[in-house]
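# Chains, contacts and geometry: an overview
As a plain string of letters, each chain reads:
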Amino acid sequence: MKLTLALAQINTKLGDVDANLEKHLALARDARQGGAGLILFPELSLTGYVLQDLAPAVASLSEADNPVFRRLLEASRDLDMVIGFVDEDPRRRFYIASAYLSRGEIVHVHHKVYLPTYGLFDEGRFFAPGDSVRAFDTRFGRAGMLICEDFWHASLPYLLWQDGAELLLFASASPGRGLNADPKLASSAWVEHINRAYASLFTIFAAHANRVGFEDGLNFWGGSTVFDPDGNLLAQAPYFEETLTLRELDLNQLHRTRARLPLLRDERPDLLQRELERILQRQKVNAARYNSEKDKE
Amino acid sequence: MIEIDLTLDPNFVRQILTKFIRSEITRAGFSRAVVNLSGGLDSAVSCFLAAEALGPQNVLALRLPYKTSSFDSLEHAQMVIDQTGVQARTISITDMADPLIDLEPAMSAVRKGNIMARLRMIVAYDQSEAFKGLVVGTGNKTEILLGYTTLYGDSACALNPIGDLYKTQVRQLAREIGVPEAIITKPPSADLWTGQTDEGELGFTYDEVDKLLYLLVDQRYRPEECVEAGFEEKFVRAVLERVRRNQFKRVLPPIAKLSNRTVGYDFLYLRDWGT
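Here the structure is a predicted model, which is why all the values come from computation and not from measurement. (Residues numbered from 1 in each chain as written. Chains lettered and ligands numbered in written order. Predicted model: local features only at pLDDT ≥ 70, side-chain atom pairs only at ≥ 80, totals over all residues. Heavy atoms only, no water.)

### Observations concerning the overall build of chain A
For chain A, the helix and strand inventory stands at nine helices and 14 strands. The C-alpha atoms of chain A give a radius of gyration of 20 Å, which matches the 19 Å a tight globule of 297 residues would have. With respect to the three principal axes, the spread of C-alpha positions in chain A is 70 × 50 × 50 Å. Per-residue burial over chain A gives 53% buried out of 297 residues. Intrachain contacts of chain A at a sequence separation of at least 6 include 67% that bridge at least 24 residues. When the accessible surface of chain A is summed, it comes to about 13000 Å², and 50% of that surface belongs to carbon and sulfur atoms. Taken together, the 34 basic and 41 acidic charged side chains of chain A have centroids lying 4 Å from each other. (Helix = DSSP H or I, 4+ residues; strand = E, 2+ residues; numbered from the N terminus. Rg over C-alpha atoms; globule rule 2.2 N^0.38 Å. Buried < 20%, exposed > 50% of the residue type's maximum accessible area, 1.4 Å probe, protein only. Contact = heavy atoms within 4.5 Å. Areas by Shrake-Rupley, 256 points an atom, 1.4 Å probe, with all protein chains shown as cover. Lys, Arg positive; Asp, Glu negative; His and termini not counted. Charge placed at Lys NZ, Arg CZ, Asp CG, Glu CD.)

### A look at helix 3 (residues 71-84) of chain B
Residues and elements named next belong to chain B. An ideal rise of 1.5 Å per residue puts 20 Å on 14 residues; helix 3 measures up with 20 Å between its terminal C-alpha atoms. Buried within helix 3 are the following residues: Ser73, His76, Ala77, Val80, Ile81 and Thr84. Within helix 3, the buried residues cover an arc of 145° as seen down the axis, which keeps them to one side. The exposed set on the far side of helix 3, more than 90 degrees from its buried face, consists of Phe71 and Asp82. Buried residues belonging to helix 3 abut helix 2 (41-54), strand 2 (59-63), strand 3 (87-90) and helix 8 (181-185). Once helix 3 ends, the next one or two residues include glycine 85, with phi positive near 75°. (Expected span 1.5 Å × (residues − 1). Arc of directions from axis to C-beta.)

### Some remarks on the side chain of asparagine 66 of chain A
Residue and element names in this part refer to chain A. Tracing the backbone through its elements, the reader meets asparagine 66 in the loop between helix 2 (55-58) and helix 3 (67-75). With a relative accessible area of 13%, asparagine 66 lands in the buried category. From its side chain, asparagine 66 meets the backbone nitrogen of valine 68 in a polar contact 2.8 Å long. Separated by 3.1 Å, the side chain of asparagine 66 and the backbone nitrogen of phenylalanine 69 make a polar contact. For asparagine 66, the contacting residues outside a window of four places in its chain are Ser60 and Leu61. (Polar contact = N/O pair within 3.5 Å; in protein donor to acceptor, adjacent residues only side chain to side chain.)

### What to know about the sheet that holds strand 3 (residues 80-88) of chain A
Residues and elements named next belong to chain A. If you walk across this open sheet you meet the six strands as 5-4-3-2-1-14, and the pairing is mixed. At either margin of the open sheet sits one strand with a lone partner, and together these are strand 5 (105-111) and strand 14 (243-250). Strand-to-strand twist of the sheet, defined as the mean angle between neighbouring strand axes without regard to direction, takes the value 30°. Of the strand pairs in this sheet, strand 4 (residues 94-102) and strand 5 are connected by six bridges, and their pairing is antiparallel. Counterpart to tyrosine 100 in the pairing with strand 5 is histidine 108. In this fold helix 3 packs onto strand 3, strand 4 and strand 5, with an angle of close to 170° to the strand it touches most, strand 3. (Pairing = 2+ DSSP bridges. Axes fitted to C-alpha atoms, helices over the stretch in contact; angles between N-to-C directions.)

### Notes on the domain arrangement of chain A
A common way to state how big an interface is: give the accessible area lost once the parts meet. Per the domain assignment, the segments making up chain A are domain 1 (2-262) and domain 2 (267-297). Centre-to-centre, using C-alpha coordinates, domain 1 of chain A lies 35 Å away from domain 2 of chain A. (Domains from an automatic or database assignment.)

### Things to note about the sheet that holds strand 1 (residues 33-36) of chain B
Residues and elements named next belong to chain B. With parallel pairing, four strands are arranged side by side in an open sheet as 3-2-1-4. Edge positions in the sheet fall to strand 3 and strand 4 (134-135), since each has one partner strand and no second. Of the pairings in the sheet, the one linking strand 1 to strand 2 comprises four bridges and is parallel in character. What sits directly across from valine 35, in strand 2, is alanine 61. Contacts between helix 5 (residues 109-131) and the sheet are confined to strand 1, strand 2, strand 3 and strand 4, with strand 1 contributing the most and set at about 160° to the helix.

### Concerning the interface of chain B and chain A
Contact with chain B, which involves 26 residues of that partner, is made by 24 residues of chain A. Carbon and sulfur atoms make up 61% of the area that chain B and chain A hide from each other, which totals about 2100 Å². On the chain B side of the contact with chain A, Phe12, Leu268 and Leu270 of chain B bury the most area, a combined 30% of that side's loss. For arginine 261 of chain B, the salt bridge identified is with aspartate 53 of chain A, shortest N-O distance 2.6 Å. Inspection of the chain B/chain A interface yields twelve residue pairs in polar contact (both at pLDDT 80 or more). By residue number, the principal contributor to the side of chain B that touches chain A is helix 1 (residues 10-26) of chain B, which donates eight residues. (Buried area = accessible area lost by both parts, 1.4 Å probe. Salt bridge = Lys/Arg side-chain N within 4 Å of Asp/Glu carboxyl O.)

### Section: empty space enclosed by the protein
Residue and element names in this part refer to chain A. If you walk through the whole model with that rule in mind, you get one cavity of 30 Å³ or more. By volume, the largest cavity is sized at about 30 Å³. For the largest cavity, the full set of lining residues is Glu43, Tyr49, Lys112, Pro116, Phe121, Glu123, Cys148, Glu149 and Ala173. Taken together, the residues of the lining of the largest cavity sort by class into five nonpolar, no polar and four charged. (1 Å grid on protein atoms, 1.4 Å probe; cavity = no way out; pocket = protein on both sides within 12 Å on 5 of 7 lines; lining within 4 Å. Points joined across faces, edges and corners; volume = space filled by probe spheres on them. Nonpolar A, V, L, I, M, F, W, Y, C, P; charged D, E, K, R; others polar.)

Okay, structure coming up:
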């Protein structure tokens, strides 16, 4: 089976959902005309990234009768879409979220699990962390979504792989940083490196849509990529430019690569589970011992 | 001394900075910029970048000499104007500064220097209103960290493209974007009095201090690790103290918190809010 993937490397208007929605719909039209089956937008593509106190103001309930979702779902009738937004749950917690839309339905919503709250990042101050990661079925096979810092932790892509994902859909609003002698920021090099690593280690398609543009002094570097299950770079969007990059994926490559390299077949998640339980148990014992010694002091 | 490499890819940096200038000026509803040209390296680089980002006709370069300013400074600023093709005006600040300076015959050179820097800020902001442009800053990372700047004077701007580049990195960028060699190679100076040089006044060279700051700030070295890396302890302590003492120049003045929601503490929006 073939899938033409569209990487929507966009700039956004900070806090202006209407303007960003129009851009989504326009790019979805272009992608559809180019024969795309799936369009992948970056993190917080409907809202902009450094939201701070804007977060509650731009939150959408991920429900089909929400006016923003209604129009996106309409657009998803003949083009699957991954969009980034602020999700508000019934208990009024706010999440950085990605939604997979297909044939007018919300197929899956992922809440960002790892909220970077260090260095230039302050997400944990404004958002609640997600607490699950699940792969889900799409008309192109089983997929999994992660958002930026989520895939800086190896555990989440691993879980998606074990949950049957064949297509990793990563969304970022990654601020460029780390100047050196190369025509590439250290942060870009790192992200490209690990995307290639996931594709190779998990014999999987790994697609990454990153933002461009500026928010105050932060530059978002773009350079969206898709790697095949052999770890080959199939397409990369330019750095810093708004672009729609279309690339046909031959999904049968999964069959060929996994026949050659049965890493998934040979993986031992039961062993992983046993050893993790042992490690967690030891940590619990150590913590209890430490606390009882503290009590004696 | 361990090897510390501050080499950058100047063409790559130039791309980011010109996009930054264009983005931050246009989203604020403007298309033009004003740059105070001192004749030195930093303002030359900011002017070249602004001209490339916005088109030279959309940049107003100001030469604002005082009677003691060196003739070279004026000449070098003119070279930048000629080479970039930006619009330009020359306005002497002598008649603005002297009535204030003359009030106190024993006024120190530092006070006079601060008056000149702040008058240049007044002229730049006034011209920016007439020109309908934003003031583009010219402070580099070295001087921001050392606090080698006049608060509300040369540090005042609407946006600063070069504030995350050390002086020695600004020099690398300057070569790429075509800043005249005479400006790149002359000793950096605030030109507030005759014979003043940055390195003479600071007591160390940019080459040395940039490397030390890179370890302390960018690489998060502890002071004792900098000494192990080959820097003199006295130098490390003096630079750290300068950085600490000048923190006030890098933040907005603290507001005494009283209410539930206070600007700066829990009223948090980027400047690019809504754009």
